[in-house]
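Listed here are the chains, written in short residue letters.
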Amino acid sequence: MEMRLFLGLAILLIYSSSAIAANQGTLIGTKHVCSNEGEDYDLPIQNVKCYNCVCKNGYVECEQECPSQEGCHMLLGPPSGECCKKCKGCTHEGIERQSGEEWRDPDEPCRLYVCQAGVVTETVEQCYAPCANPLKPAKGACCPTCPGCKVNGQEVSSGRTVRSLDDPCLKCSCSEGRFYCSKRACPVLNCANKAMMPPRPGECCPYCNGTRELYPPPQGRCLLGADLRLSGEDFHQDPCTLCKCDNGTSICKRPSCAPLDCPPELQELQKGHCCPRCPQRPPFPIAPTVCHDGGKVYKDGESWEVDQCKSCSCKSGQVKCVAELCNESNKPCPPNHKLVTVPGQCCSKCVESDGVCTVFGDPHYRTFDGKFFSFQGSCKYQLAADCANHTFSIRVTNDARGTRTSSWTKTVSMKMKDMKVNLGEKRRVKINGERVKVPYESTSVTVTNTDGWVLVETKLGIKLSWDGDSFLELSVPPKYKGLLCGLCGNFNSISRDDMQTRRGLYATDADTLGSSWRVGGKRACSRAFEAPPTCAKTRRSKEKERLCKLLRSNIFGECRNHLNSLPYYKSCIKDMCECPAKQRCYCESFTAYARECHRLGVKLDWRKHTGCLNHH
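Let us look at the structure shown here. Bear in mind the structure is a predicted one, so any value in this text is a computation, not a measurement.

## Some remarks on the sheet that holds strand β26 (residues 249–253)
Part 1: Strand order across the open sheet formed by six strands is β10-β11-β12-β26-β25-β24, with mixed pairing between neighbours. The open sheet has two free edges, formed respectively by β10 (102–105) and β24 (234–238), since each of these has just one partner strand. Averaged over all pairs of adjacent strands, the angle between strand axes in this sheet comes to 30°, irrespective of strand direction.
Part 2: In this sheet, β26 lies alongside strand β12 (residues 119–124) in parallel orientation, the contact comprising four bridges. Within β26, the residue paired with valine 119 across the bridge is serine 250.

## Comments concerning the environment of valine 290
Part 1: On the secondary structure map, valine 290 appears in strand β27 (residues 290–293).
Part 2: Considering only alpha carbons, one finds valine 290 and lysine 315, 25 residues apart in sequence, at a separation of 8.3 Å.

## Quick word on the sheet that holds strand β43 (residues 440–441)
Part 1: Reading across from one edge, β36-β35-β34-β47-β46-β45-β44-β43 is the order of the eight strands in this open sheet, with antiparallel pairing throughout. Two strands close off the open sheet at either side, each with one partner strand: β36 (372–374) and β43.
Part 2: As paired elements, strand β35 (residues 364–366) and β36 share three bridges and run antiparallel to each other. Bridge pairing in β36 places arginine 366 opposite phenylalanine 372.
Part 3: Contacting β34 (355–360), β35, β45 (453–458), β46 (463–466) and β47 (472–476), helix α4 (residues 586–599) crosses the sheet at an angle of about 165° to β34.

## Focus on a positive patch on the surface
Part 1: On the surface, a cluster of positive charge is made up of Arg395, Lys415, Lys420 and Arg502.
Part 2: Secondary-structure assignment places lysine 420 in strand β40 (residues 420–423).

## Observations regarding the nonpolar core
Part 1: Core analysis: the largest hydrophobic core is formed by 45 residues, its most contacted members being Leu383 and Leu474.
Part 2: If sequence neighbours within four positions are ignored, leucine 383 has contacts with Val359, Tyr365, Ile394, Arg395, Val396, Leu472, Leu474, Cys485, Gly486, Leu487 and Cys488.

## Focus: the state of the cysteines
Part 1: With the rule as written, the count across this model stands at 27 disulfides.
Part 2: A sulfur-sulfur separation of 2.0 Å characterises the disulfide bridge that pairs cysteine 66 with cysteine 84. Between cysteine 66 and cysteine 84 the disulfide shows an S-S torsion of about -80°. By sign, it is left-handed. A residue pair is termed long-range when its members are at least 10 positions apart, and cysteine 66 in the loop between β5 (59–63) and β6 (75–76) and cysteine 84 in the loop between β6 and β7 (86–87) qualify at 18 residues.
Part 3: Residue classification places cysteine 66 among the buried positions, given a relative accessible area of 11%.
Part 4: Owing to a relative accessible area of 17%, cysteine 84 belongs among the buried residues under this scheme.
Part 5: Here cysteine 587 engages in a disulfide with cysteine 612; their sulfurs sit 2.0 Å apart.

## Considerations on the environment of glutamine 308
Part 1: Take glutamine 308: it is sitting in the loop between β29 (303–305) and β30 (310–315).
Part 2: A sequence separation of 36 residues divides glutamine 308 from glycine 344, and the C-alpha atoms of the two residues are 6.5 Å apart.
Part 3: For glutamine 308, the residues in contact, after removing those within four places along its chain, are Gln154, Glu324, Pro343, Gly344, Gln345 and Cys346.

## Looking at the packing of helix α3 (residues 566–575) against α4
Part 1: Interhelical geometry of α3 versus α4 gives an angle of 160° and a closest axis separation of 8 Å. Our classification of the angle between α3 and α4 gives roughly antiparallel. Between α3 and α4 lies a crossing of right-handed hand. Residues Tyr568, Ser571, Cys572 and Asp575 of α3 lie in contact with α4, whose contacting residues are Tyr586, Glu588, Ser589, Phe590, Ala592, Tyr593 and Glu596.
Part 2: Residue composition of the contact of α3 with α4, grouped by class: six nonpolar, two polar and three charged.

## Section: the packing of aromatic side chains
Part 1: This structure, assessed with the given rule, holds 17 aromatic pairs.
Part 2: Aromatic pair phenylalanine 590 and tryptophan 606: ring centres 6.3 Å apart, planes at 80°, arrangement edge-to-face. Of this pair, phenylalanine 590 sits in helix α4 while tryptophan 606 sits in the loop between α4 and α5 (607–610), and the two are 16 residues apart along the sequence.
Part 3: Among the residues examined, phenylalanine 590 registers a relative accessible area of 0% and is labelled buried.
Part 4: Overall, the relative accessible area of 6% leaves tryptophan 606 in the buried class.
Part 5: Note that arginine 200 overlies the ring of tyrosine 207, its terminal NZ or CZ placed 3.6 Å from the centroid.
Part 6: Over the face of the ring belonging to tryptophan 453 we find arginine 595, whose NZ or CZ atom lies 4.1 Å from the ring centre.

## Considering the pattern of salt bridges
Part 1: Tallied over the full model, the rule gives 19 salt bridges.
Part 2: Ionic pairing is found between glutamate 102 and arginine 184, a salt bridge with its closest N-O pair at 3.1 Å. In this pair, glutamate 102 sits in strand β10 while arginine 184 sits in the loop between β19 (178–183) and β20 (196–197), placing the two residues 82 residues apart along the sequence.
Part 3: Taking the shortest distance from any N to any O, the salt bridge between glutamate 122 and arginine 111 comes out at 2.8 Å. Linking glutamate 122 in strand β12 with arginine 111 in strand β11 (residues 108–116), this pair joins segments that are eleven residues apart in sequence.
Part 4: Here the salt bridges share partners, and the residues they tie into one network are Arg366, Glu473, Arg595, Glu596 and Arg599.

## Describing α4
Part 1: Compared with the 20 Å implied by 1.5 Å per residue over 14 residues, the 21 Å span of α4 between its first and last C-alpha is a close match.
Part 2: For α4, the tally of buried residues reaches eleven of 14 residues, placing the bulk of the element in the interior.
Part 3: Positive backbone phi, at 90°, marks glycine 601, one or two positions downstream of α4.

## Observations regarding the side chain of threonine 367
Part 1: Along the chain, threonine 367 turns up in the loop between β35 and β36.
Part 2: Taking relative accessible area as the criterion, threonine 367 reaches 0% and is therefore assigned buried.
Part 3: When residues no more than four places from it in sequence are discounted, the contact partners of threonine 367 are Val356, Cys357, Phe373, Leu487, Cys488, Gly489 and Asp498.

## Thoughts on unusual backbone geometry
For residues besides glycine, phi is generally negative; the peptide bonds are generally trans as well.
Part 1: The residue after valine 438, namely proline 439, is reached through a cis peptide bond having omega 10°.
Part 2: Locating proline 439 in the fold gives a position in the loop between β42 (434–435) and β43.
Part 3: Of note in this structure, glutamate 93 is not a glycine but carries a positive phi near 50°.
Part 4: If you trace the backbone, glutamate 93 turns up in the loop between β8 (90–92) and β9 (95–97).
Part 5: For serine 493, which is not glycine, the phi torsion reads 70° and is therefore positive.
Part 6: Residue position: serine 493 is located in the loop between β48 (484–485) and α1 (510–516).
Part 7: Relative accessible area serves as the criterion here: at 30%, serine 493 is assigned to the partly exposed category.

Cut-offs applied
- Residues numbered from 1 in each chain as written.
- Predicted model: local features only at pLDDT ≥ 70, side-chain atom pairs only at ≥ 80, totals over all residues.
- Heavy atoms only, no water.
- Pairing = 2+ DSSP bridges.
- Helix = DSSP H or I, 4+ residues; strand = E, 2+ residues; numbered from the N terminus.
- Axes fitted to C-alpha atoms, helices over the stretch in contact; angles between N-to-C directions.
- Contact = heavy atoms within 4.5 Å.
- Patch = residues over 30% accessible without salt bridge, like charges linked within 9 Å, V, L, I, M, F, W, Y side chains within 5 Å.
- Areas by Shrake-Rupley, 256 points an atom, 1.4 Å probe, with all protein chains shown as cover.
- Salt bridge = Lys/Arg side-chain N within 4 Å of Asp/Glu carboxyl O.
- Lys, Arg positive; Asp, Glu negative; His and termini not counted.
- Charge placed at Lys NZ, Arg CZ, Asp CG, Glu CD.
- Core = buried A, V, L, I, M, F, W, Y, C linked by side-chain atoms within 4.5 Å.
- Buried < 20%, exposed > 50% of the residue type's maximum accessible area, 1.4 Å probe, protein only.
- Disulfide = S-S within 2.5 Å.
- Parallel < 35°, antiparallel > 145°, perpendicular 65-115°, else oblique.
- Left-handed = near helix turned anticlockwise from the far one by under 90°.
- Nonpolar A, V, L, I, M, F, W, Y, C, P; charged D, E, K, R; others polar.
- Phe/Tyr/Trp six-rings, centres within 6.5 Å; stacked < 30°, edge-to-face > 60°.
- Lys NZ or Arg CZ within 6 Å of the ring centre and 35° of its normal.
- Expected span 1.5 Å × (residues − 1).

Next up, the structure:
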């Protein structure tokens, strides 16, 4: 299997320790499974210093942590001793600048410079003050500021930027309670015409598509687009942009056009001019006008919010709107994070994911940090608890169900400061000892029935999903990281230490671990507590084991490269050993695998193909 990196993220999936090579951003290898979730992993990769390999979802994943160079058409090979390619920088007045760097003339703060792929663009920033009496620019700044951070009635939080929908090049920002607006010219792009793309919807400037490796031109010359220029040569990149080749760096001057009050469709561009202008106004005064937007009529000067991102105002009969700018980066969220929409805010952001512990089958446990183990004890155990602040604790009672070696989760109890929730067979729910009907809601907890599951949500952010038989999922928010203890582990993103006993020792096997978290005395056990013997193979159990192979079929194929199915397959084999007659015990492992796939963004249509339609 071969996956190309292109200076981004590479995933190396290996089943064996066969030869693996890393050459010019390309990884070649086959799949390799791992068990220590979240742990660093050493692989026989050439140039291994450029890759960081970790165990994730049962597979080894390797990342080359290089910044994206998308759009750079002057891409240089990695400097000596480094791993990542770099976009060509600029030399300006004897100072080396990185590609993407901006700076101002210290004597003329409105004179702005940008280095991009070996080209310096010089322009003069144009200011716009959306208030009657703006304050003078601060020292070293270009534009005057307005008190407060409201535009069209919309509050702009500090550090945020909004853009005009009529003129996307006009941007306004809030800093320390002051609001300022400015407009600047787009930087000169160093890419060929076929690679130059028009501005994306709502954006100001065109952009370069893809990348181009730089084969250095003769010493001192400048490569701009497809043209090679001599050092000291003056040239026009376009009618409004004058450039000069200065010892390998193109220095270009480009005017920035002032913001205009008239709508874009009325703006005029005269021959020989680089900036449009509004038509001359008639000499007589214009009577006050109104604006129409969304079926409503607004008075001149009135402002209104359209949604969380967009607000408008009525100015001389014209609807003027601005929208908040969000980070348009395509970079995915870091591991164990997810992209969420924050209520009341325009832009989504990456937040840490909740920890999920799963209990299923003859009980198998997947801890918050991804550790897998099986424990068939048939007593009461501490599943998880806040061992630092004691805000909650959760216990499970396992039932042998008349078997010699197996057990299943029978009941779940959660204690909080002012409440106790019990979940029993057939989805029975008790609150503080009293049977309740679902749905149920109080100030501390909400209980609903969702697709045949009982879902318990608490004000602490803890969630329990229970199928009423033996399948349980516990979800906890990030605020509990490193504070938990019990069979579900400590939730610290390290799976290696999840086999920690109540006394803080590390268990060498699941039976020792489970025994240490036993609670409730012998009366809580459905058979004498002892390590169960190895399950005896029977003809019937071997026949049922064949059903487990469905987990490795094309039914679950879409998820196989995202999540290793081997632990779930092994769990299925164990469940089928003493599976009661007429029970579909294999469905437990299938459900656990499918739900984890769903959390990874892979939806599977598997129930009708496996006979698990009526199994939650």
